[in-house]
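Take a look at the letters that make up each chain.
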Amino acid sequence: MLLTVDAGNTNTVFTVFDGETPVFEARINTDGARMADQYAITMMDILKLRGVEKTKIKGAIISSVVPPVTAQIKAAVEDLFGIKAKLIGPGVKTGLNIKIDDPSCLGGDLVCAAVAAKEFYDMPCIIIDMGTIAKLSALDKTGAFVGCTFSPGLSLSFEVMSERTAALPLVGTDRVERVVGTNTVDSVRSGVLNGTGCMLGGLIARFEKELCSPCTVIATGGNAAAIKPYCERSFEVNPHLVSQGLRIIHTKNAAHP
């Protein structure tokens, strides 16, 4: 079995694969203060909860956009399973042609999502990653990564509105049926959800204009399903896109420990 780890700004996602099939996925909060032993204990508890013996984990690969936790997670994985974990970064073969100013600056999560999208979907393609940051990536007709945009994600938008104002509450992504809110909570929720949905629809249209072609659109990330009803442009939600990309990259590098 293979363990993939995607450490994001808010959540860290652990996925165990048996071949190409995900056995389970688990999420914990990303915590820069957590030490390697604490991550190892958490992973052991997750495996016990899911009924997977740690001896079955024969490989591991990690993507992290949070440098303070990268070394801790890598040490935890290697200590717990007695294997060498691969890190997404320079020297790892991805098969992805990255056409941006400095390819070394591209986040591992975006690389992994693009690798999986290239494997499973028609090109050209737009990938929406709805995490702490709403990231849209563009793959051209050859599957090359040609660029991306960043904007605040749902949780970040809600948090900033609450923290930077005196009267607005912190609300979540519960569905709203009307655009025009009739109370404070629904007004905040509608503004963020509908506003983000409109933004995504507009960005998709502009991406397609610059790519000179209609595109396949896929969404992943913790809030991908939550935002879908508010975007007039249809897209497929694939919650396993990054972990599948990690699995594919691990396979490409299996002969290079």
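The preceding data block contains the structure.
In short, a report on the structure. Predicted model, so just to flag it, every value in this text is computed and none were measured.

What follows is about the sheet that holds strand β7 (residues 133-139). Strand order in the open sheet formed by five strands is β8-β7-β6-β9-β10, and the pairing between neighbours is mixed. Edge positions in the sheet fall to β8 (145-152) and β10 (236-237), since each has one partner strand and no second. Note: strand β6 (residues 125-130) against strand β9 (residues 216-220), five bridges, orientation parallel. In the sheet register, Cys125 faces β9, and the bridge partner there is Thr216. Where helix α3 (residues 108-120) meets the sheet, it contacts β6, β7, β8 and β9, and its direction lies at approximately 45 degrees from that of β7.

This part covers the nonpolar core. Grouped together as the largest cluster of nonpolar side chains are 28 residues, with contacts concentrated most on Leu3, Met43, Ile73, Val77 and Phe81. Elements represented by at least two residues in this core include exactly β1 (2-7), β2 (11-18), β3 (21-29), α1 (36-50), β4 (59-64) and α2 (67-81). It is α1 that contributes the most residues to this core, seven residues altogether. Those residues in contact with Leu3, other than ones at most four positions away along the chain, are Phe14, Thr15, Val16, Met43, Ile57, Gly59, Ala60, Ile61, Val77 and Phe81. Judged by nonpolar contacts, the second largest core, of 25 residues, contains Leu106, Phe145, Ile218 and Val242.

So, on to the packing of α1 against α2. Where α1 contacts α2, the two axes come as close as 8 Å, and the packing angle between them is 55 degrees. It follows that α1 is oblique to α2 by the angle criterion. Of the two elements, α1 crosses α2, and the hand of that crossing is right-handed. Residue-level inspection shows Ala36, Tyr39, Ala40, Met43, Met44 and Leu47 of α1 in contact with α2, the latter providing Val69, Gln72, Ile73, Ala75, Ala76, Val77, Leu80 and Phe81.

Extensive coverage of β2 is indicated by the burial of six of its eight residues. Two elements, β1 and β2, share six bridges in a ladder whose sense is antiparallel. Note that in β2 the partner of Leu2 across the bridge is Phe17. Hairpin connection, β1 to β2: the antiparallel pair is bridged by three residues. Direction of pairing for β2 relative to β3: antiparallel, over a ladder of eight bridges.

Okay, the packing of aromatic side chains next. For any pair of aromatic rings, the description rests on two quantities: the centre-to-centre distance and the angle between the ring planes. Counting across every chain of the model gives zero aromatic pairs. One Lys or Arg, Arg34, reaches over the ring of Tyr39 and ends 5.0 Å from the middle of that ring. For the cation-ring pair, Arg247 lies above Phe17, with the distance from its terminal atom to the ring centre recorded as 5.9 Å.

Quick notes on the rules
Residues numbered from 1 in each chain as written. Predicted model: local features only at pLDDT ≥ 70, side-chain atom pairs only at ≥ 80, totals over all residues. Heavy atoms only, no water. Pairing = 2+ DSSP bridges. Helix = DSSP H or I, 4+ residues; strand = E, 2+ residues; numbered from the N terminus. Contact = heavy atoms within 4.5 Å. Axes fitted to C-alpha atoms, helices over the stretch in contact; angles between N-to-C directions. Core = buried A, V, L, I, M, F, W, Y, C linked by side-chain atoms within 4.5 Å. Buried < 20%, exposed > 50% of the residue type's maximum accessible area, 1.4 Å probe, protein only. Parallel < 35°, antiparallel > 145°, perpendicular 65-115°, else oblique. Left-handed = near helix turned anticlockwise from the far one by under 90°. Phe/Tyr/Trp six-rings, centres within 6.5 Å; stacked < 30°, edge-to-face > 60°. Lys NZ or Arg CZ within 6 Å of the ring centre and 35° of its normal.

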